[in-house]
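Chains, contacts and geometry: an overview
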Amino acid sequence: TSQRLSRNGRPLSADSLYFLLKTAKRFAAWCIDRGHLSINPFAKLRRVGRATTGKTQLTADEARRFLDTALRLADTGDPRAVAVALQLSLGLRSSEVLGRRVRDVDEGGAVLLIDHGKTKNARRRPEIPGFLRPALRRLAAERPADAFLFGADRHGKQRATGFLIRQVHRICALAGVTKVCAHSLRGLHATLALRQGASPQAVAAALGHGSFAVTARHYAEPTQLLNSRVRTVLGALGETNHGDDCVFELADVLRASLTDAQVAQLIERLVGRTRATFEPR
């Protein structure tokens with residue numbers, strides 16, 4: 001299996017190999033339960049290689065060109081481009097986009113209903129950006145409530161995620177930006193949200209995560225996590241009416257124990273540490 005190639009001719013990643021190993025172990029366990037096997041032949045096999053976290057993301061400038069291209073196509077009545085723009089704008093999983101039905105466009109196109117998903121935290125009602133509402137209303141107009149918003153496969157079932165991957169690649173090519181996968185748009189959404197000052201907890205909730213730990217490990221770009229944390233600390237040192245309680249409790253202790261000059265020096269060092277993170281080495 002470790003010599004197996006993917007459809008693009010490259011060796012399988014460590015994550016893909018681990019997925020195959022887990023599948024084989026589960027299948028063998030199923031066979032044991034039904035008396036087809038006496039032992040699990042895969043039980044002693046262990047994963048090899050280092051798992052990757054995060055995927056290549058568009059830069060902020062590339063993201064703007066990508067979204068502009070998707071919206072131009074959406075204005076021509078291309079539902080595939082609407083699906084891609086929706087995924088980037090709301091940070092949705094591919095399955096969450098493709099699984100939406102006409103009835104999920106609620107409140108005149110202002111809200112998207114996501115009633116289930118990969119985890120229990122997937123259930124949510126994100127607000128649809130104003131620039132996408134007309135396109136979604138057009139897609140939903142005069143169609144059965146249970147029809148898939150972005151169409152079904154030839155068997156009448158929800159489209160496979162490969163459909164959305166192809167659309168993302170198409171728009172990347174048209175926009176002249178780095179080719180990324182559909183799932184990376186979730187990470188890009190998290191990164192851009194943090195860059196604009198959204199709280200980590202809000203970003204995690206928007207992506208349907210139970211905690212920010214998953215968002216931080218697999219989605220948000222690390223330097224944006226640092227920026228967000230430093231902004232919170234700097235705000236805590238100067239303000240007292242917003243933010244995480246533990247951070248502001250620490251800020252209160254620091255203000256009580258440090259002189260004004262020492263607080264100013266601490267802020268200067270925090271800002272300097274952030275700048276140093278981005279300086280070329």
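Rules of the game
- Residues numbered from 1 in each chain as written.
- Predicted model: local features only at pLDDT ≥ 70, side-chain atom pairs only at ≥ 80, totals over all residues.
- Heavy atoms only, no water.
- Helix = DSSP H or I, 4+ residues; strand = E, 2+ residues; numbered from the N terminus.
- Contact = heavy atoms within 4.5 Å.
- Areas by Shrake-Rupley, 256 points an atom, 1.4 Å probe, with all protein chains shown as cover.
- Buried < 20%, exposed > 50% of the residue type's maximum accessible area, 1.4 Å probe, protein only.
- Core = buried A, V, L, I, M, F, W, Y, C linked by side-chain atoms within 4.5 Å.
- Expected span 1.5 Å × (residues − 1).
- Polar contact = N/O pair within 3.5 Å; in protein donor to acceptor, adjacent residues only side chain to side chain.
- Salt bridge = Lys/Arg side-chain N within 4 Å of Asp/Glu carboxyl O.
- Disulfide = S-S within 2.5 Å.
- Phe/Tyr/Trp six-rings, centres within 6.5 Å; stacked < 30°, edge-to-face > 60°.
- Lys NZ or Arg CZ within 6 Å of the ring centre and 35° of its normal.

1. Observations regarding the overall build of the protein chain
Assigned secondary structure in the protein chain consists of twelve helices and two strands. For the protein chain, the N- to C-terminal ordering of α and β elements is α-α-α-α-β-β-α-α-α-α-α-α-α-α. Within the protein chain, contacts between residues separated by at least 24 positions form 57% of all contacts whose residues are at least 6 apart in sequence. When the accessible surface of the protein chain is summed, it comes to about 17,200 Å², and 53% of that surface belongs to carbon and sulfur atoms.

2. A closer look at the side chain of Gln167
In this structure, Gln167 sits in helix α6 (residues 161–175). Under the relative-accessibility criterion, Gln167 is labelled buried at 6%. Discounting residues that sit within four places of it in the chain, Gln167 has contacts with Arg80 and Val84.

3. A word on the nonpolar core
Of all hydrophobic cores here, the largest spans 43 residues; its most connected members are Phe66, Leu86, Leu136, Leu149, Phe150, Val168 and Leu185. Looking at this core, the elements that each hand over two or more residues are α2 (60–75), α3 (79–90), α4 (94–98), α5 (133–140), α6 and α7 (184–195). The dominant element in this core, judged by the number of residues it contributes, is α3, at eight residues. The contacts of Leu185, once residues within four sequence positions are left out, are Phe66, Val84, Gln87, Leu88, Val168 and Val180.

4. Description of α3
Counted at 1.5 Å a residue, the expected span for α3 with its twelve residues is 16 Å, and the 16 Å between its end C-alpha atoms agrees. Among the twelve residues of α3, ten are classified as buried, and the element is accordingly described as predominantly covered. For α3, the set of buried residues is Ala81, Val82, Ala83, Val84, Ala85, Leu86, Gln87, Leu88, Ser89 and Leu90. The residue sitting at the N-terminus of α3 and contributing the capping side-chain oxygen is Asp78; that oxygen lies 2.9 Å from the backbone nitrogen of Arg80. The first or second residue beyond α3 is Gly91, which carries a positive phi of 65 degrees.

5. Section: the pattern of salt bridges
This model, assessed by the stated rule, comprises eleven salt bridges. With its nearest N and O atoms 3.0 Å apart, the salt bridge here joins Arg170 to Asp78. With a gap of 92 residues between them, Arg170 in helix α6 and Asp78 in the loop between α2 and α3 connect regions that are remote in the sequence. Residue Asp78 is classed as buried on the basis of its relative accessible area, which comes to 9%. Two residues, Arg103 and Asp104, come together in a salt bridge whose shortest N-O distance is 3.6 Å.

6. With respect to unusual backbone geometry
Backbone geometry places Glu107, a non-glycine residue, at a positive phi of 55 degrees. Checked against the element boundaries, Glu107 lands in the loop between β1 (105–106) and β2 (111–112).

7. Regarding the environment of Leu192
Following the sequence through the fold, Leu192 ends up in helix α7. Not counting residues up to four positions away in its chain, the partners in contact with Leu192 are Ala60 and Ala63.

8. Observations concerning the state of the cysteines
Inspection of every chain in the model, using the stated rule, returns zero disulfides. With no disulfide of its own, Cys181 has Cys172 as its nearest cysteine by sulfur position, at a separation of 9.4 Å. Judged by its relative accessible area of 25%, Cys181 is partly exposed.

9. Looking at the packing of aromatic side chains
What describes a pair of aromatic rings is the distance from one ring centre to the other and the angle between the planes of the rings. Across all of its chains, the model carries one aromatic pair by this definition. Judged by centre distance (6.0 Å) and plane angle (15 degrees), the ring pair of Phe27 and Trp30 falls under stacked. Separated by three residues within a single helix, Phe27 and Trp30 lie in helix α1 (residues 14–33), roughly one turn from each other. Accessibility expressed as a relative area gives 40% for Trp30, which makes it partly exposed. Of note, Arg101 hangs over the ring of Phe148, and the distance from its end group to the ring centre comes to 4.1 Å. Between Arg159 and the ring centre of Phe163, over which it is positioned, the NZ or CZ distance is 4.2 Å.

Any functional reading would require information that these geometric values do not contain.
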